[in-house]
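Summary of the model geometry
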Amino acid sequence: QFQLTVPVAVIFAPGSVPGDLPRPLPFRDEQEMEMSVNLRTSVMSRYEMTYRSTTAQEEAALDADTAREADAALSPLQDTLLGSLTVYVVPETSSLLPQGISIYVGKHRSAMVRAGGGLATLHMRLQQLTQVMSFTPSSITAALSDRVPDNLLSLDARRHLKSSLGYEITFSLLNPDPKSHDVDWAIEDAVNCYVQPVLDKLSLLANFSVDSQILYYAVLGVTPRFDKESSSFLLSAHSLPHVINPVEARLGSSAVSLYPMLNFLLYVPERSHSPLYIQDKDGAPVNTNAFHSPRWGGIMVYNIEAPASSQASFPLHVDVDMVRVMEVFLAQLRLLFGLSREELPPEFLLESPGNEGLADWELDRLLWVHTVENIATVSTTLTSLAQLLDKIGNIVIKDDVASEVYQAVASAQSAMAKLAVGHLHSAFQASKEAVTSSERAFFDPSLLHLLYFPDDQKFAIYIPLFLPMAVPILLSLAKIVREARQRKKEPTKMD
């Protein structure tokens, strides 16, 4: 049974302390909530709340003109423990939060809540806030998706990438008509400028490798429909799934990779099919002219304006606007990792993460989910291994395999214990070690079930070999036994 503990510090600014607090500041309190995953599995979430007043430094930081400036000033004063949250309660009349905003979530692990309505209102806002910044029942259910029926999973839960120790990202430029278009994209500079800051932030989660390629004469495999009204070609929503397989065949084999591959494709339509636009299910054009495939990646169609002069020489030289392209690819990357911004009440205001691509609390959300998923994966792997060993009675367990199993169990138990006390970073590291050890044990070559045969197969193999030799031997033995018995029956001659 999972028990997830979130340390939450609630800090009251002067003039924001509710009059109905149960006892004077500072004090501690705990709130628990049980999340049921299925009939046998439930997750207990516990919030360890610490209530206190602001310090002089925090009061000076809260005197800033805007919430963004206050969040930046408060960041060095907070607890840097991963998974921990800091909530500053400001007076109801404070001008720090914009009009109509009651809850502000910053780029780090802190938020600001407007006081008002007493302790009950504060508790309700804190509950909303902790679920936004840590985990929700739906995110934990998605992490334990192997134990949940498909009809209970949301579409977002099926879109997310499964937890892995590493990911490989490939950016591909598809130019099906190089005779007409000479396309130049500054992919290396774009990756360093836009993608690398995000991957640096996610490096705590997994290892990432990035590469790029240009493919010529690579077509989508689906013929777009010509629309006379707009004089353009259209790809409807129902035809998009048929685009993936023909394109994937040209991308290079992913069979050699141990890690999941994420594919981001920039497609420049051929001149005979330009301009090309993607339609949604309602028939409206998609603003980004792109779509993404769950757990696979995304494709963006990049149209090139036709030359104004009929005397233009081909191929046309085209410089891709990498800012527009990377905005789309980064949004798709966030969707694949489950970082899509959920629909929140109008009184919420979430600060943009900026160039880093994701806020600190969003990284914590990923760590919570991946830690739970890693532990569940270890449990499933070791259970499968135990069932294999029970099925094959004469299987040989080497000492190094046994050591990996013991290490996996110990690391998983350590991760569970760390989660129960709110140490998210060490819990995640222990869960990664548990996954590594369990995978090594499960895929050890000595445990290949084809190396061991059931007894009935052994009889079927060896009887045809030994039976022809055994028949004359058995007949000879029977003859020897008969002769020995006859000798015993004959009377002994006496002189």
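Residues numbered from 1 in each chain as written. Predicted model: local features only at pLDDT ≥ 70, side-chain atom pairs only at ≥ 80, totals over all residues. Heavy atoms only, no water.

1. Some words on the overall build of the chain
Regarding its fold elements, the chain presents twelve helices and 17 strands. The C-alpha radius of gyration computed for the chain amounts to 33 Å, which surpasses the reference 23 Å derived for 495 residues by more than 25%, pointing to a less compact arrangement than a globule. Projected onto its principal axes, the C-alpha coordinates of the chain cover approximately 135 × 85 × 35 Å. Taken over 495 residues, the chain has a buried fraction of 45%. Sequence separation of at least 24 residues holds for 76% of the intrachain contacts in the chain that already meet a minimum separation of 6. Here the chain displays about 26700 Å² of accessible surface, and carbon together with sulfur accounts for 55% of that area. Charge-centre separation for the chain: the mean point of 39 positive side chains lies 13 Å from the mean point of 56 negative side chains. (Helix = DSSP H or I, 4+ residues; strand = E, 2+ residues; numbered from the N terminus. Rg over C-alpha atoms; globule rule 2.2 N^0.38 Å. Buried < 20%, exposed > 50% of the residue type's maximum accessible area, 1.4 Å probe, protein only. Contact = heavy atoms within 4.5 Å. Areas by Shrake-Rupley, 256 points an atom, 1.4 Å probe, with all protein chains shown as cover. Lys, Arg positive; Asp, Glu negative; His and termini not counted. Charge placed at Lys NZ, Arg CZ, Asp CG, Glu CD.)

2. Some details on the domain arrangement of the chain
As far as domains go, the chain holds domain 1 (2–144 + 345–350), domain 2 (166–337), domain 3 (360–448) and domain 4 (455–490). Taking the mean C-alpha position of each, domain 1 and domain 4 sit 85 Å from one another. (Domains from an automatic or database assignment.)

3. Considerations on unusual backbone geometry
The omega angle of the peptide bond from Leu 25 to Pro 26 is -10°, so this bond is cis rather than trans. Within the secondary structure, Pro 26 is located in the loop between β1 (2–12) and β2 (27–36). The omega angle of the peptide bond from Ser 274 to Pro 275 is -10°, so this bond is cis rather than trans. By secondary structure assignment, the location of Pro 275 is in the loop between β12 (261–267) and β13 (276–278). Notably, Asn 289 is not glycine yet its phi reads approximately 55°, a positive angle. Of note in this structure, Arg 295 is not a glycine but carries a positive phi near 60°. One can find Arg 295 in the loop between β14 (290–293) and β15 (297–301). Accessibility expressed as a relative area gives 36% for Arg 295, which makes it partly exposed.

4. Structural notes on the environment of Pro 224
Mapped onto the elements of the fold, Pro 224 is located in the loop between β9 (207–216) and β10 (225–227). What makes Pro 224 buried here is its relative accessible area of 12%. A sequence separation of 15 residues divides Pro 224 from Ser 239, and the C-alpha atoms of the two residues are 8.9 Å apart. When near neighbours in sequence (up to four residues on either side) are disregarded, Pro 224 contacts Phe 233, Leu 234, Leu 235, His 273 and Leu 276.

5. Quick look at the UniProt feature "transmembrane region" (unreviewed entry) in the chain
UniProt tags residues 459–481 as "transmembrane region" (unreviewed entry). The span residues 459–481 is 100% helix and 0% strand, and its two end C-alpha atoms sit 28 Å from each other. (UniProt positions renumbered as here; feature names shortened; annotations may be inferred.)

6. Topic: the packing of aromatic side chains
The description of two aromatic rings rests on the distance between their centres and on the angle between their planes. Inspection of every chain in the model, using the stated rule, returns twelve aromatic pairs. Relative to Phe 208, the ring of Tyr 167 has its centre 5.6 Å away and its plane inclined at 25°; by these criteria the two rings are stacked. Note that Tyr 167 is positioned in strand β7 (residues 166–175) and Phe 208 in strand β9, a separation of 41 residues in sequence. Centroid distance Phe 442 to Phe 443: 5.1 Å. Interplanar angle 85°. Geometry classified as edge-to-face. Through a chain of ring-to-ring contacts, the aromatic side chains of Phe 12, Phe 27 and Tyr 51 assemble into a single cluster. (Phe/Tyr/Trp six-rings, centres within 6.5 Å; stacked < 30°, edge-to-face > 60°.)

7. Observations regarding the side chain of Ser 164
Along the chain, Ser 164 falls in the loop between α5 (155–159) and β7. Polar contacts involving the side chain of Ser 164 include one to the main-chain carbonyl oxygen of Gly 166, which spans 2.9 Å. The contact partners of Ser 164, leaving out residues within four places of it in the chain, are Leu 205, Ala 206, Tyr 259 and Pro 260. (Polar contact = N/O pair within 3.5 Å; in protein donor to acceptor, adjacent residues only side chain to side chain.)

8. A look at the pattern of salt bridges
The final tally for this structure, using the stated rule, is nine salt bridges. Note that Arg 52 and Glu 58 form a salt bridge whose closest N and O atoms lie 2.9 Å from each other. For Arg 52, a relative accessible area of 26% corresponds to the partly exposed category. Residue class for Glu 58 comes out buried when judged on its relative accessible area of 2%. (Salt bridge = Lys/Arg side-chain N within 4 Å of Asp/Glu carboxyl O.)

9. Digging into the pairing of β15
Where burial is concerned, most of β15 is hidden: five out of the five residues are buried. Alignment of β12 against β15, held across five bridges, turns out to be parallel. Within the sheet, the bridge partner assigned to Leu 265 lies in β15 and is Ile 299. Pairing geometry for β14 and β15, over four bridges, is antiparallel. Across the sheet, Ser 293 pairs through a bridge with Gly 297, a residue of β15. In textbook terms, the turn of a hairpin is the stretch between consecutive antiparallel strands, and for β14 and β15 this stretch comprises three residues, one of which, Arg 295, has a positive phi near 60°. (Pairing = 2+ DSSP bridges.)

10. Observations concerning the packing of helix α9 (residues 360–391) against helix α10 (residues 399–421)
Contact geometry for α9 and α10: axes closest at 11 Å, N-to-C directions at 150°. In terms of axis orientation, α9 runs roughly antiparallel to α10. Considering the relative orientation of α9 and α10, their crossing is left-handed. Packed against α9, whose contacting residues are Trp 368, Thr 371, Ile 375, Val 378, Leu 382 and Leu 385, the element α10 presents Val 405, Ala 408, Val 409, Ala 412, Ala 415, Met 416 and Leu 419 at the interface. Here the residues of the contact of α9 with α10 are counted per class, giving twelve nonpolar, one polar and no charged. (Axes fitted to C-alpha atoms, helices over the stretch in contact; angles between N-to-C directions. Parallel < 35°, antiparallel > 145°, perpendicular 65-115°, else oblique. Left-handed = near helix turned anticlockwise from the far one by under 90°. Nonpolar A, V, L, I, M, F, W, Y, C, P; charged D, E, K, R; others polar.)

11. A few points about the nonpolar core
In this structure, Leu 129, Phe 171, Leu 266, Met 326 and Phe 337 are the most contacted members of the largest nonpolar core, which totals 87 residues. Ranked by residue count, the leading element in this core is α9, at nine residues. In contact with Leu 266, other than residues within four places in its own chain, are Ser 172, Leu 173, Leu 174, Trp 185, Met 300, Tyr 302, Val 320, Val 325 and Phe 329. Ala 218, Phe 233, Leu 276 and Trp 296 belong to the second largest nonpolar core, which has 20 residues in total. (Core = buried A, V, L, I, M, F, W, Y, C linked by side-chain atoms within 4.5 Å.)

12. Focus: a nonpolar patch on the surface
Together, Ile 461, Tyr 462, Leu 465, Phe 466, Met 469, Ile 473, Leu 474, Leu 477 and Ile 480 line one region of the surface with nonpolar side chains, adding up to about 950 Å² of accessible area. Following the sequence through the fold, Phe 466 ends up in helix α12 (residues 455–489). Residue classification places Phe 466 among the partly exposed residues on the basis of a relative accessible area of 49%. (Patch = residues over 30% accessible without salt bridge, like charges linked within 9 Å, V, L, I, M, F, W, Y side chains within 5 Å.)

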